[in-house]
Amino acid sequence: MKVGDRVRVKESVVVYHHPDHRNQPFDVKGIEGEIAAIIQSWQGRPVSANLPFEVKFDKKFKAHFQKGELELIE
């Protein structure tokens, strides 16, 4: 996977920061978005991020995921 790829969340992932469901549990399984960034370094130093894939779903909502939680959309 690389920046700009279209992906779908294939695992059940509950977030609490969705703009339409703020502070409430919201399952993002099945939602499609675009990889906005892959976190590999911070301030010029390599890091091993737990959730390295930043996915942008719409103008107001982004979330971070592991590789196994996402699937590529052809």
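First things first, this report covers the structure right here in the doc. (Residues numbered from 1 in each chain as written. Predicted model: local features only at pLDDT ≥ 70, side-chain atom pairs only at ≥ 80, totals over all residues. Heavy atoms only, no water.)

Quick look at the pattern of salt bridges
Throughout the structure, instances matching the rule amount to 5 salt bridges. The partner of glutamate 32 in a salt bridge is arginine 8, and the shortest N-O contact between them spans 3.0 Å. Of this pair, glutamate 32 sits in strand S4 (residues 32–38) while arginine 8 sits in strand S1 (residues 6–9), placing them 24 residues apart in sequence. A salt bridge links lysine 62 to glutamate 54; the nearest nitrogen and oxygen atoms lie 4.0 Å apart. Take glutamate 54: its relative accessible area is 16%, and that puts it in the buried class. Residues participating in the shared-partner salt-bridge network are Arg6, Arg8, Glu32 and Glu71. (Salt bridge = Lys/Arg side-chain N within 4 Å of Asp/Glu carboxyl O. Helix = DSSP H or I, 4+ residues; strand = E, 2+ residues; numbered from the N terminus. Buried < 20%, exposed > 50% of the residue type's maximum accessible area, 1.4 Å probe, protein only.)

Description of the packing of aromatic side chains
Scanning the model with the defined rule gives 2 aromatic pairs in all. By the ring-pair criterion, three or more aromatic residues cluster together here, those being Phe57, Phe61 and Phe65. (Phe/Tyr/Trp six-rings, centres within 6.5 Å; stacked < 30°, edge-to-face > 60°.)

Thoughts on the pairing of strand S8 (residues 61–65)
Side chains Phe61, Ala63 and Phe65 of S8 all project onto a buried face; the interleaved residues Lys62 and His64 project onto a face where none is buried. In this structure, strand S7 (residues 53–58) lies alongside S8, joined through 5 bridges in antiparallel fashion. Each residue of the ladder has a partner; that of aspartate 58, found in S8, is phenylalanine 61. The loop that links S7 with its antiparallel partner S8 comprises 2 residues. (Pairing = 2+ DSSP bridges.)

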